[in-house]
Amino acid sequence: MRIAAVVVASAALVAAGATAAVAAPAPASSITLKASKSTVKPGDVVTFTGKVDNLKEGSKVTLQVKDGSKWVSLPATAKVSKAAYKLTDKFDKKGVEVLRVKDGSTVSKNVSVTVR
């Protein structure tokens, strides 16, 4: 009887240990995006800033513009430093530009800049 109790207790400890050894899923990454101006004249510089959660220090974020149904990466990039980034770009074509920032599969919400 005593041996059976030890076996059951040992099996329970092994099962509990195996459960504890399973790694928790990594927290989701996120990026915010804010434009310094929502309306500009052609050639004006717009500063884009934001904060990141769960992205590596030094990660590169890229500004993208919507072109029809696809996203096109612009040359404007910045490295994440202290969970934040800052980049600039200028727009020459009149109209509404829909923009976002991307790092890997993590993307920000869209912002719009109107060029008049």
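These numbers were taken from a predicted model, which means no experiment stands behind them.

> Mind showing me how you'd approach the overall build of the protein here?
Helix and strand content of the protein: one helix and 10 strands. When the helices and strands of the protein are read in sequence order from the N terminus, they spell out α-β-β-β-β-β-β-β-β-β-β. The buried share among the 116 residues of the protein stands at 29%. Across the protein, every contact between residues at least 6 apart in sequence was considered, and the portion connecting residues at least 24 apart equals 57%. Working note: accessible area of the protein is about 7,900 Å², and carbon and sulfur atoms make up 58% of it.

> Teacher, can you tell me more about the packing of aromatic side chains here?
Working definition: an aromatic ring pair is given by the centre-to-centre distance plus the angle between the planes. Applying the stated criterion across every chain, the model contains one aromatic pair. When the centroid spacing of 6.3 Å and the interplanar angle of 85 degrees are considered together, the rings of Phe48 and Phe91 count as edge-to-face. Placement of Phe48 in strand 4 (residues 45–53) and of Phe91 in the loop between strand 7 (84–90) and strand 8 (95–103) is noted, with a sequence separation of 43 residues between them. We classify Phe48 as buried; its relative accessible area is 0%. With a relative accessible area of 6%, Phe91 lands in the buried category.

> I'm lost on the nonpolar core in this one. Help?
For soluble globular proteins, nonpolar side chains are generally found buried alongside one another. With 23 residues, the main nonpolar core has Phe48, Tyr85 and Leu99 as its most contacted residues. Counting residues per element, the ones that place at least two in this core are strand 4, strand 5 (60–67), strand 6 (70–79), strand 7, strand 8 and strand 10 (111–115). In contact with Tyr85, not counting residues within four places along its chain, are Ile31, Thr32, Leu33, Phe48, Thr49, Gly50, Lys51, Val52, Val61, Ala78, Lys79 and Val101.

> For this particular structure, what's the right way to read the side chain of Ser108?
Mapped onto the secondary structure, Ser108 falls in the loop between strand 9 (106–107) and strand 10. Among the residues examined, Ser108 registers a relative accessible area of 6% and is labelled buried. Polar contacts involving the side chain of Ser108 include one to the main-chain amide nitrogen of Val101, which spans 2.9 Å. Setting aside anything within four residues of it in sequence, one finds Ser108 in contact with Ile31, Thr32, Leu33, Arg100 and Val101.

> Help me out: how do you make sense of the environment of Arg116 in this one?
Within the secondary structure, Arg116 is located in the segment after strand 10. A sequence separation of 76 residues divides Arg116 from Val40, and the C-alpha atoms of the two residues are 6.3 Å apart. Excluding anything up to four places from it in sequence, Arg116 contacts Thr39, Val40, Lys41, Pro42 and Lys94.

Reading guide: rules and limits
Residues numbered from 1 in each chain as written. Predicted model: local features only at pLDDT ≥ 70, side-chain atom pairs only at ≥ 80, totals over all residues. Heavy atoms only, no water. Helix = DSSP H or I, 4+ residues; strand = E, 2+ residues; numbered from the N terminus. Buried < 20%, exposed > 50% of the residue type's maximum accessible area, 1.4 Å probe, protein only. Contact = heavy atoms within 4.5 Å. Areas by Shrake-Rupley, 256 points an atom, 1.4 Å probe, with all protein chains shown as cover. Phe/Tyr/Trp six-rings, centres within 6.5 Å; stacked < 30°, edge-to-face > 60°. Core = buried A, V, L, I, M, F, W, Y, C linked by side-chain atoms within 4.5 Å. Polar contact = N/O pair within 3.5 Å; in protein donor to acceptor, adjacent residues only side chain to side chain.

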